[in-house]
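# Coordinates in review
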Amino acid sequence: MKRVDEHLADILGSVRELPPLELALPESLGGVLAEPVTAPVDLPPFDNSAMDGYAVLAADVAAASETSPVSLSVVGDIAAGDQGAYDITPGRCARIMTGAPLPGGADAIVPVEWTDGGAAKVTIRRPATPGHYIRRAGEDVTAGQTVLPAGTRLGAAQVGMLAAVGRARVLVRPRPRVAVLSTGSELVEPGSPVGPGQIWDSNSFALTAAVTEAGGVGFRVGSVGDDPREVLATIQEQLASADVIITSGGVSMGAYDVVKEVLSGLGTMRFEKVAMRPGKPQGFGLLDDRVPVFTLPGNPVSAFVSFQVFVRPALRALQGLPPAPPRTVRAPLRVPIDSSPEGLRHYLRANLGEDEGGDPWVAPAEAQGSHQVFALSSSNALIVVPEDVTSLQAGQTVDVLELP
């Protein structure tokens, strides 16, 4: 059997980064920057007020107190966006709003809460030192500074940064478009009644959601039966628009393993046994010389684990990100693992937690069948048992993949 690391290496050696696109900011969310972004000007671009209050000379209010307040004449109001010219001289001040430009001569802001709020004359009851509540030009970012390096995944804060430096469009590697379908004549759409021998399709829903969690754009095609012509036609139809195709079911050794039947010999498709549990039967290759196709096992847990181990890293590689699986942590076992198959890398559904002192611990779920969706949905991690380990004692430290 093929080792897990070898299969993943073959996958990552086949996928290529998506070509970058220039997108408007609203469409860039979730994409990965294909260029560094620098600030054309200082941020903020001018000295401005951090509070609603009064722009003053600090020396005028240095002796102000509750028992001995200082009164100043108000020469005008300065609102955010005001482009007028103001100068503050001794004994005078200007009422100013948050974000408004600091007038000439002023070197401090007195918050309105420290005053009587006067419009023509104001009484100030506390002193303010030079620079008080003033945002200086370039305090956040200086002109020419790199604010976002290439390779940054754009979240809400990063999109805001792009707008703050005046970018309306940006060059990104887009989120991969991933078509997901399940195969099997026994599958029925959730919401419809099931008859004898039928089950509701869960794989296409879980895998489409997993694509979104991994940063892609999932398109659920749904389920198709075991007719080879229908399966092939459905897959070929997705090649025109998908960056990646994921199927589940039909890749083992049975008489109705239709995905393996129709895709064998096409493109670079290969179907192999990988030394892992769950998820031994795997298929992967490129169709049309460009579209990676992952054919995952049909059992729900097998399909989910296979996605985390193989598909998730590939989706990251398509965007130029390090092809990492979910975050791995180390934690001691709360209970022993009595039996793990020799020669197979075992991924056990588990719960990862912390004790009262904040130290991690992990415990395997009681049910480990590859069809048992409840145990998977109740877990937040996967314990990784190496191929050469057949049992583990309570207290031993193990690798744990944190699930999204």
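Figured I'd write up the structure that's included with this text.

What follows deals with the overall build of the protein. When helices and strands are tallied, the protein shows nine helices and 26 strands. Here the protein has a C-alpha radius of gyration of 31 Å; the compact-globule value for 404 residues is 22 Å, and the former is much larger. Along the first, second and third principal axes, the C-alpha set of the protein runs to 95 × 50 × 45 Å. Evaluated residue by residue, the protein yields a buried proportion of 47% over its 404 residues. By sequence separation, contacts in the protein at least 24 residues apart represent 69% of the contacts at least 6 residues apart. Carbon and sulfur atoms make up 52% of the accessible area of the protein, which amounts to about 18700 Å² in all. Counting 31 positive and 45 negative side-chain charges, the protein places the averaged centre of each group 2 Å from the other.

Before going further, it helps to examine the packing of aromatic side chains. Tallied over the full model, the rule gives one aromatic pair. Summarising the aromatic geometry, the rings of F284 and F294 are spaced 4.9 Å apart at their centres and angled 50° between planes, so their arrangement reads as tilted. With F284 in strand 20 (residues 281-287) and F294 in strand 21 (residues 291-296), this pair connects stretches of sequence that are ten residues apart. Of the two residues, F284 and F294, both sit in the buried class. One residue, R126, lies across the ring of W114, its end atom 4.0 Å from the ring centre. A cation sits over an aromatic face here: R334 above W361, 3.8 Å from the ring centre.

Glancing now at the packing of helix 1 (residues 4-14) against helix 8 (residues 300-318). Put simply, helix 1 and helix 8 touch, their axes get as near as 10 Å, and they point 30° apart. In terms of orientation, helix 1 lies roughly parallel with respect to helix 8. As for how helix 1 packs across helix 8, the hand of that crossing is right-handed. Counted together, V4, H7, L8, I11 and L12 of helix 1 and V309, F310, P313, A314 and A317 of helix 8 form the full contact between these two elements.

In terms of residue burial, strand 25 (residues 381-385) counts as a mostly covered element, since five of its five residues are buried. On strand 25, burial covers both faces: A381, I383 and V385 on one face and L382 and V384 on the other are all buried. Alignment of strand 23 (residues 345-354) against strand 25, held across five bridges, turns out to be antiparallel. Counterpart to R349 in the pairing with strand 25 is L382. Bridge count for strand 25 against strand 26 (residues 397-402) is four bridges, and the pairing is antiparallel. Bridge pairing in strand 26 links I383 to V400.

On to the sheet that holds strand 21. In spatial order, the strands read 16-13-17-21-20-18; together these six strands make up an open sheet with mixed pairing. Each edge of the open sheet carries a strand with a single partner, namely strand 16 (217-224) and strand 18 (270-273). If you compare each strand with its neighbour and ignore which way they point, the axes differ by 20° on average. As defined by bridge partners, strand 13 (residues 177-183) adjoins strand 17 (residues 244-248) across five bridges and the pair is classed as parallel. Within strand 17, the residue paired with A179 across the bridge is I245. Strands in contact with helix 5 (residues 203-213) are strand 13, strand 16, strand 17 and strand 21; relative to strand 16, the strand with the most contacts, it is inclined by about 170°.

As a further point, take helix 6 (residues 228-238). Taken as a whole, helix 6 has its buried residues at V231, T234, I235 and Q238. Down the axis of helix 6, the buried side of the element spans an arc of 95°, and every buried residue falls inside it. The exposed residues of helix 6 that point more than 90 degrees off its buried face are R229 and E237. Looking at where helix 6 begins, the residue whose side-chain oxygen comes 2.9 Å from the main-chain nitrogen of R229 is D227.

Geometrically, the link from L43 to P44 is a cis peptide bond, its omega value of -10° lying close to zero. Mapping P44 onto the fold places it in the loop between strand 3 (37-38) and strand 4 (48-49). Cis geometry marks the peptide bond from R277 to P278, where omega comes out at -5°. Here P278 is to be found in the loop between strand 19 (276-277) and strand 20. Here the phi dihedral of D289 falls at roughly 65°; this positive angle occurs in a residue that is not glycine. Position of D289 among the secondary structure elements: in the loop between strand 20 and strand 21. D289 sits in the exposed class, given a relative accessible area of 73%.

So, about the pattern of salt bridges. Any two side chains of opposite charge can pair, so long as their charged atoms come close to each other. Applying the stated criterion across every chain, the model contains 18 salt bridges. The closest approach of N and O atoms between D399 and R330, which form a salt bridge, is 3.1 Å. Linking D399 in strand 26 with R330 in strand 22 (residues 328-332), this pair joins segments that are 69 residues apart in sequence. Its relative accessible area of 32% is what places D399 among the partly exposed residues. Here the residues in one salt-bridge network are K2, D10, R270 and E272, joined through shared partners.

What counts and what doesn't
Residues numbered from 1 in each chain as written. Predicted model: local features only at pLDDT ≥ 70, side-chain atom pairs only at ≥ 80, totals over all residues. Heavy atoms only, no water. Helix = DSSP H or I, 4+ residues; strand = E, 2+ residues; numbered from the N terminus. Rg over C-alpha atoms; globule rule 2.2 N^0.38 Å. Buried < 20%, exposed > 50% of the residue type's maximum accessible area, 1.4 Å probe, protein only. Contact = heavy atoms within 4.5 Å. Areas by Shrake-Rupley, 256 points an atom, 1.4 Å probe, with all protein chains shown as cover. Lys, Arg positive; Asp, Glu negative; His and termini not counted. Charge placed at Lys NZ, Arg CZ, Asp CG, Glu CD. Phe/Tyr/Trp six-rings, centres within 6.5 Å; stacked < 30°, edge-to-face > 60°. Lys NZ or Arg CZ within 6 Å of the ring centre and 35° of its normal. Axes fitted to C-alpha atoms, helices over the stretch in contact; angles between N-to-C directions. Parallel < 35°, antiparallel > 145°, perpendicular 65-115°, else oblique. Left-handed = near helix turned anticlockwise from the far one by under 90°. Pairing = 2+ DSSP bridges. Arc of directions from axis to C-beta. Polar contact = N/O pair within 3.5 Å; in protein donor to acceptor, adjacent residues only side chain to side chain. Salt bridge = Lys/Arg side-chain N within 4 Å of Asp/Glu carboxyl O.

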